[in-house]
Amino acid sequence: MRVLAVGGAGYVGSHVVRHLVSRGHLVTVLDNLSTGHAKAVEVAGKAAAGGGCAELVVGDVGDRERVGELLVSREIDAVMHFAAASLVGESMRNPAKYWRNNVGCAVELLDAMVDSGVDKIVFSSSAAVYGEPTTALISEDHAKAPTSTYGMTKLAIEHMLRGYDQAHGIRSISLRYFNAAGAHSSGEMGEAHDPETHLIPIVLRTAIGLREKVSIFGTDYPTEDGTCIRDYIHVDDLADAHLLAMDALSSGAATTAYNLGNGTGFSVLQVVRESEQAVGRPIPATREGRRAGDPAVLVASAERAASELGWSPNYTKLGDIIASAWKWHDSHPHGYS
Ligand code: UDP
């Protein structure tokens, strides 16, 4: 298939591009490189097999004319939309950036799809759409009450996608990622944000000596050790789900949403301890106040993705996820640069 991967130079997007090209798909990445890396697309493209290939076009998802031109000239069959501002803390300080970048640009992207008759889209949504859970495991029909502007924008786009299906017949699958983590097994691709705000890369960069210490945000949450619990899911498992979702849409699947997680939660302190095991040395950490917008516990039920998409994660142990991330960070302390 011919796929437009919007934001495909980012962390999750570039791993999905690698999976797509290695299965013979033709991928056009549209990315403004504000947070993504041209090198990530280049590395992903080297895994191409069976006629697959990846090209990078530098541009904005909010540029409706440019997107429309690409959809037509590349004869695109399906869109994957990864591009977003995605930091919970920043979204609380600068909501306008999130409403403009995430929701505003999604309108332009969907209108470009309407203009050019492309009718399938896989959307990177988030566990942040749920807010504070009222059940131990979160299923897709759990109440949606996002605690952050970031989560609100993801939920707004899911609603928008339903509207575009009703009005224009664009079918979508929203994939609600829990905590994306880990790196490609080759060690050639991984997480590279600047500034880095995510827990596992911060812990591993501290282990390398690139940071002085890890700040543990909140030790008074109603959890066993007082720190937040999250469900860490390997980026290659997320990539598998995208290909399954694209296949489902191609076979006529209706607009829907799936959780993507392992169904097991780990606290911030457990992540630090498991990382110490993986790297074989202590990692300095200090206890600090809560970060605004963080729910205490987020753990997925991914039963629907298993039964309807046939998805099952390969990385089920936190230690294996961290070990794959360590392989990348240890060999690429400065990311792609
Ligand atoms: N966290 C932390 N210190 C950090 C970064 C994150 O204690 O330097 C915590 C954060 O408060 C959350 C968990 O680690 O409870 C995962 O945060 P991350 O930013 O990795 O992902 P998010 O859950 O926001 O998507």
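Residues numbered from 1 in each chain as written. Predicted model: local features only at pLDDT ≥ 70, side-chain atom pairs only at ≥ 80, totals over all residues. Heavy atoms only, no water.

Undergrad: How would you explain the packing of helix α9 (residues 268-279) against helix α11 (residues 318-331) if you had to name every residue and give the values?
TA: For the pair α9 and α11, interaxial distance at closest approach is 9 Å and the crossing angle is 60°. Judged by the inter-axis angle, α9 sits oblique to α11. As α9 runs across α11, the sense of the crossing is right-handed. Contacts between α9 and α11 involve Q270, V271, E274, S275, A278 and V279 on the former and, on the latter, L318, G319, I322 and W326. (Axes fitted to C-alpha atoms, helices over the stretch in contact; angles between N-to-C directions. Helix = DSSP H or I, 4+ residues; strand = E, 2+ residues; numbered from the N terminus. Parallel < 35°, antiparallel > 145°, perpendicular 65-115°, else oblique. Left-handed = near helix turned anticlockwise from the far one by under 90°. Contact = heavy atoms within 4.5 Å.)

Undergrad: Describe the site of the ligand, and please don't skip the residues or the numbers.
TA: Among the 15 residues in the neighbourhood of the ligand, the closest are listed as L199, S215, F217, R291 and D294. In this structure, a nitrogen atom belonging to the ligand sits 2.7 Å away from a main-chain N or O atom of S215. Residue R291 places a side-chain N or O atom 2.8 Å away from an oxygen atom belonging to the ligand. Within the complex, 89% of the 520 Å² of free accessible area of the ligand lies under protein. Sorting the residues of the shell around the ligand by element identifies α7 (199-208) and β8 (214-217) as the ones contributing at least two each. The biggest single contributor to the shell around the ligand is β8, with three residues. Classifying every residue of the shell around the ligand gives eight nonpolar, four polar and three charged. (Near = heavy atom within 4 Å. Polar contact = N/O pair within 3.5 Å; in protein donor to acceptor, adjacent residues only side chain to side chain. Areas by Shrake-Rupley, 256 points an atom, 1.4 Å probe, with all protein chains shown as cover. Nonpolar A, V, L, I, M, F, W, Y, C, P; charged D, E, K, R; others polar.)

Undergrad: Describe the packing of helix α1 (residues 11-22) against helix α2 (residues 38-45), listing the residues and the values that go with them.
TA: Two elements in contact, α1 and α2, have axes separated by 8 Å at closest approach and are oriented at 20°. Our classification of the angle between α1 and α2 gives roughly parallel. Here α1 runs over α2; the crossing is right-handed. Contacts between α1 and α2 involve S14, V17, R18 and V21 from the first element and A40, V43, A44 and G45 from the second.

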